[in-house]
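Inside the fold
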Amino acid sequence: MQVGRPIKLNDTQTKRWMLILLKRAKEVGKTGEIPVTAIILDDKGHCIGHGRNNRNKMNDPLGHAELVALRQAAWVKKDWRFNECTLIVTLEPCQMCAGALIQARMGKVIFAAEDKKRGGLGGAIDLSTDKSAHHKMVIEKGVMRDQAKKGIEMWFALKRKKFIKT
């Protein structure tokens, strides 16, 4: 099996995808889920998987946007290897998702906001550079960081406000 390389997206293309994801994340937040969305692009730039957080809705501890997108893309590809693919996500993948991306051999990961508490690709810990990581991914961080960070912070502030009122 010939493995391609992740598609090279220019800044405009990357921002266009991130804008779509941030808009979708806002809608996800309205459902009570943490507003995180993700897509996986193949080496031709086609979306082969998309996901949103749905832990609460599905009572699924694995219901993270990245994992939902991975499952869908694996089904579409009929393969679990993603060397030639790019994952774009609105928040830095947590340690569980970062581990899954390494195991899936994701070619490139692009994320908006860092997660200093739970991030697995540099925020709290960087699993991608650990000596145990058998696969090296290209990581691009900070694409539309301010917009993503503001959206997450506003969602948590609103959640806390509702929690205090009850």
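Just so you know, these numbers come straight off a predicted model, no measurement behind them.

Criteria and cut-off values
Residues numbered from 1 in each chain as written. Predicted model: local features only at pLDDT ≥ 70, side-chain atom pairs only at ≥ 80, totals over all residues. Heavy atoms only, no water. Buried < 20%, exposed > 50% of the residue type's maximum accessible area, 1.4 Å probe, protein only. Helix = DSSP H or I, 4+ residues; strand = E, 2+ residues; numbered from the N terminus. Arc of directions from axis to C-beta. Contact = heavy atoms within 4.5 Å. Pairing = 2+ DSSP bridges. Right-handed = clockwise from strand over helix to strand, strands pointing away. Axes fitted to C-alpha atoms, helices over the stretch in contact; angles between N-to-C directions.

**Section: helix α4 (residues 95-103)**
Those residues of α4 lying buried are Cys97, Ala98, Leu101 and Ile102. Seen along its axis, α4 keeps its buried residues to an arc of 140°; they face one direction. Where the residues of α4 are buried, they touch α3 (65-77), β3 (86-91) and β4 (108-113). Arg105 occupies a position one or two residues after α4 and carries a positive phi of about 60°.

**Focus: the environment of Asp42**
With respect to the secondary-structure elements, Asp42 resides in the loop between β1 (37-41) and β2 (47-52). Sequence-wise, Asp42 and Leu19 are 23 residues apart; in three dimensions their C-alpha atoms are separated by 19 Å. Setting aside anything within four residues of it in sequence, one finds Asp42 in contact with Ile7, Ile48, Glu84 and Cys85.

**What to know about the pairing of β3**
Side chains on a regular strand alternate between the two faces of the sheet. Of all 6 residues making up β3, 6 are buried, and the element is well covered by its neighbours. For β1 and β3, the ladder comprises 4 bridges, and the chain directions are antiparallel. Each bridged residue has a counterpart across the sheet, and for Ile40 the counterpart in β3 is Leu87. Where β3 lies against β4, 5 bridges are found, and the strand directions are parallel. Note on β4: the bridge partner recorded for Leu91 is Ala113. A crossover connection joins β3 to the parallel β4 through α4; in handedness this β-α-β unit is right-handed.

**Quick word on the sheet that holds β1**
Spatially, β2-β1-β3-β4-β5 is the arrangement adopted by the 5 strands of the open sheet, whose pairing is mixed. Every interior strand has two partners, whereas the edge strands, β2 and β5 (138-141), have only one. Within this sheet the neighbouring strands show an average axis-to-axis angle of 15°, counted without direction. As defined by bridge partners, β4 adjoins β5 across 4 bridges and the pair is classed as parallel. Paired with Lys108 across the strands is Val138, a residue of β5.

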